[in-house]
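Okay, here's what each chain looks like letter by letter:
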Amino acid sequence: MDLVIDILRALLFVVIAYAVVFVAALVNIVFERRFLAFMQDRLGPNRTGPQGLLQSVADAFKMMGKEDFRPSLADPVLFTLAPVMVMIGAVAIQVVLPYTGGLVARDLDVGLIYIVAITGFTTLAILTGGWASHNKYSLVGALRAAGQMISYEVPMILALLAVAAVAGSLSLGDLVALQDGYRWLVLYAPFTFLIFYIASIAELNRGPFDLPESESELVAGYGSEYSGMRFGMFFLNEYAGMTIMSMVVATLFFGGWHGPGEDALVFWGVHWVGLLWFVLKAYVLVFALVWVRLSLPRLQVDQLMAFAWKVLIPLGLVNLLATAAVMLWVPRWRLGLAVFSWLALLAFVGLFDPLLKRRLRRQRERLPVVNA
Amino acid sequence: MLGMLKAMRTTLRHLPMKKVTVQYPEERERLPERSRGLFRVVIDPASGEARCRACTLCETNCPVQVIRVNATSKYDLPVPNVARLAERRLAAQPKVDLALLQPVLDDWYEHGTGLIAMLQATQEIYGYLPRAALERLSLQTGISLSQIYGVASFYNQFRLSPVGEYLIDVCHGTACHVAGAPLITAALEEELGVPEGRTTRDMKFTLSSVACMGACSQAPVMRIGDQTYGNLTPDKTRRIIRELMEKVGAKRG
């Protein structure tokens, strides 16, 4: 009997996970297009359905109606497999995500490590797709994407380690419990949050780190040879990723499903108001993603790599060490961590521009003088 | 980092701002009062012909007077505007007494005079070459009207429309042009009240220009009747023409 319930439970969560991915992708595409438009003083798509809400549905049907095209020299198995694989990350990561109190598939003891491991799947799928396309541009694009994602995984892991050091646990359930009573991690570890957030934007291949695609410059990178619904899967994953990553960030740093009135409506052992808070927090973060993408110009490849290896990783290491030291030796660790983290954040924000400017000036001075 | 925050502040500020998009079929932009837009003749998709019936109401009503309607029926031969203007001018020519032409024709019968000589004689009689006279010449001599017209319009000495008593020729040769001939013409136009190439209403003066008089050393030059004036300035020109107008009792316009 237990086994049957377990299987049904598993099926339920699989359905939920896929539903979240598809709904999130469709919603996010409209969400992003509308908000980008608003910030550019435009209206954006507003014809399909009320306020253009059905635009993505129309787009999805268009995608599905397209020819299922495969280049003749492409690897038939891998070419088909890659778009399927690309969804795995977004779906599987939800196993450990506590949507709300009482609604989590399996609160693994190694939740954080699981997240890191699963995130790598997207890289793999992109590499597979680029390789299988039998097109050098696809391959170069895929390698670029892989290089970027692997590079930014390191600061992401460093930030996650700092989080784990604070929580003393790798379980997301424990982490959410730790942040109950509005003691959100972002309030006393904002620097960790910043590192994680920047790295996660890069992991998502979104602006200003959207080099693998950079729709205004490249031929869509690894997606060159993909069309129709296969392309749609990559696209879908990217937009679903916005929500999934925002949910992870909300869980790690913004108190997860905790919020005012979280216990108001509880049945079937699920905190339904908490779910509302969780989605709300996630969508505030999705909005931030859209906002950042619109505001900041795209980096160059060398800048991208330099930022990961020369800025984020050293800072992540320092942050990890400092966090660990605070947790070890400071009795009132929340206060100690808050002091360090806020100071670090302010220093980073304040010093980034002048240091960068000085560096650029020195680089310019080293350049040979050309008398044209 | 601060620069980035600044950029993000800018974009966020634009979020609640008024949008510039005009939802076209439902909303229309209000055009400025004096906007003229583009002129276009609407083609009727059913017949493939212009919907414009050349009623010239638009020409009449246009506040800035930039519309000219030149209508032709598609059954007419295309008549260039210039020709049409010439036609009108011809119709406005005064009636001439063709009996005066008889000596010229007699001369031709007796001596077989050349065309140019005949035209010169005709012009001597009427002061110009009236259309009616040329038609008579053509009928009597068998020389086609177009050939006569060709000769008459080729030589500068022949005039096809009535001219004033005094013919004012302003030289517009290179030397005179450089020395300011356009200014001289402008001054004359102002004093006489008629544009270049036209005759005053009292038929006293005709203002025209010639390519060169061969008096470049005195540029700019003009000739009134037989008298030539050189080294002109606009002021000097005005003085000369005013004196002359007073003398013959001519009025402006």
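Residues numbered from 1 in each chain as written. Chains lettered and ligands numbered in written order. Predicted model: local features only at pLDDT ≥ 70, side-chain atom pairs only at ≥ 80, totals over all residues. Heavy atoms only, no water.

**Student:** What is the right way to look at the sheet that holds strand E3 (residues 222-224) of chain B in this model?
**Tutor:** Backbone hydrogen bonds hold the strands of a sheet together, and the pairing may be parallel or antiparallel. Residue and element names in this part refer to chain B. In spatial order, the strands read E2-E1-E3-E4; together these four strands make up an open sheet with mixed pairing. Both outer strands of the open sheet, strand E2 (205-210) and strand E4 (227-229), are each paired with one neighbouring strand and no more. Averaged over all adjacent pairs, the angle separating strand axes in this sheet is 20 degrees, with direction ignored. Here E3 runs beside E4; their pairing, made up of three bridges, is antiparallel. By the bridge assignment for E4, Ile-224 is matched with Gln-227. On the sheet, helix H9 (residues 181-192) packs against strand E1 (166-171), E2 and E3 and is oriented at approximately 155 degrees with respect to E1. Across the sheet, helix H10 (residues 234-248) is in contact with E1, E2, E3 and E4; its angle to E3 comes to roughly 5 degrees. (Pairing = 2+ DSSP bridges. Helix = DSSP H or I, 4+ residues; strand = E, 2+ residues; numbered from the N terminus. Axes fitted to C-alpha atoms, helices over the stretch in contact; angles between N-to-C directions. Contact = heavy atoms within 4.5 Å.)

**Student:** Would you take a moment to explain the nonpolar core for this structure?
**Tutor:** One recurring pattern in soluble globular proteins is that nonpolar side chains are buried together. Tyr152(A), Phe196(A), Tyr197(A), Phe209(A), Val249(A), Leu252(A) and Phe253(A) are the most contacted members of the largest nonpolar core, which totals 109 residues. In terms of residue count, helix H9 (residues 228-253) of chain A provides more of this core than any other element does, 14 residues in total. Not counting residues within four places of it along the chain, the set of residues in contact with Phe196(A) comprises Met156(A), Ala159(A), Leu160(A), Val248(A), Val249(A), Leu252(A) and Phe253(A). The next biggest cluster of nonpolar side chains, apart from the first, holds 17 residues, and it includes Val170(B), Ile184(B), Ile224(B) and Met245(B). (Core = buried A, V, L, I, M, F, W, Y, C linked by side-chain atoms within 4.5 Å. Buried < 20%, exposed > 50% of the residue type's maximum accessible area, 1.4 Å probe, protein only.)

**Student:** Looking at this structure, I do not really get the pattern of salt bridges. What am I missing?
**Tutor:** Pairing is possible between side chains of opposite charge, provided their charged atoms come close. Residues and elements named next belong to chain B. Scanning all chains against the criterion turns up 11 salt bridges over all chains. For Arg-223, the salt bridge is made with Asp-169, and the minimal N-O distance between the two is 3.2 Å. Placement of the pair is Arg-223 in strand E3 and Asp-169 in strand E1, with a sequence separation of 54 residues. A relative accessible area of 7% places Asp-169 in the buried class. Residue Glu-191 is joined to Arg-242 by a salt bridge in which the shortest nitrogen-to-oxygen separation is 3.0 Å. Pair noted here: Glu-191 is in helix H9 and Arg-242 is in helix H10, with a separation of 51 residues, a long-range link. (Salt bridge = Lys/Arg side-chain N within 4 Å of Asp/Glu carboxyl O.)

**Student:** Would you take a moment to explain the confidence of the model for chain A for this structure?
**Tutor:** Low-pLDDT portions of the prediction should not be read for the details of their coordinates. Averaged over all residues, the pLDDT of chain A equals 87, while 97% of them reach at least 70. Between the elements of chain A, mean pLDDT differs from a low of 78, seen in strand E1 (residues 266-267) of chain A, to a high of 91, seen in helix H8 (residues 190-203) of chain A. (pLDDT = per-residue confidence, 0-100.)

**Student:** It is not clear to me how the packing of aromatic side chains should be interpreted in this structure. Could you clarify?
**Tutor:** When we look at a pair of aromatic rings, we describe it by the centre distance and by the angle of the planes. If you walk through the whole model with that rule in mind, you get 27 aromatic pairs over all chains. Judged by centre distance (5.1 Å) and plane angle (75 degrees), the rings of Phe267(A) and Trp268(A) are edge-to-face. Classification of Phe267(A) by relative accessible area gives partly exposed; the value is 39%. Aromatic side chains Phe154(B) and Tyr155(B) sit 4.9 Å apart centroid to centroid with 85 degrees between the ring planes, which places their arrangement in the edge-to-face category. You can call Tyr155(B) partly exposed: its relative accessible area is 33%. An aromatic cluster is built from Phe31(A), Phe35(A), Phe38(A), Tyr283(A), Phe287(A) and Trp291(A), whose rings are joined through pairwise contacts. (Phe/Tyr/Trp six-rings, centres within 6.5 Å; stacked < 30°, edge-to-face > 60°.)

**Student:** Quick question: what am I supposed to make of a nonpolar patch on the surface here?
**Tutor:** Residues and elements named next belong to chain A. On the surface, Leu-3, Val-4, Ile-7, Leu-8 and Leu-11 cluster together into a nonpolar patch covering about 490 Å² of accessible area. Note on placement: Val-4 falls in helix H1 (residues 2-39). Accessibility expressed as a relative area gives 44% for Val-4, which makes it partly exposed. (Patch = residues over 30% accessible without salt bridge, like charges linked within 9 Å, V, L, I, M, F, W, Y side chains within 5 Å. Areas by Shrake-Rupley, 256 points an atom, 1.4 Å probe, with all protein chains shown as cover.)

**Student:** Before we go on, may I ask you to explain the confidence of the model for chain B in this structure?
**Tutor:** Confidence in the prediction for chain B averages 81 pLDDT; 93% of positions are at 70 or higher. Confidence metrics for the complex model read pTM 0.64 and ipTM 0.76.

**Student:** Can you walk me through the interface of chain B and chain A in this structure?
**Tutor:** Much of the literature gives interface size as the accessible area that the parts lose upon coming together. Listed by partner, the interface residues are 18 residues for chain B and 19 residues for chain A. Note on chain B versus chain A: buried area summed over both sides is about 1700 Å², and carbon and sulfur give 68% of it. Put simply, Arg47(A) and Glu26(B) hold a salt bridge, and the shortest N to O gap is 3.2 Å. Counting the contacts that link chain B with chain A gives 12 residue pairs in polar contact (both at pLDDT 80 or more). (Buried area = accessible area lost by both parts, 1.4 Å probe. Polar contact = N/O pair within 3.5 Å; in protein donor to acceptor, adjacent residues only side chain to side chain.)

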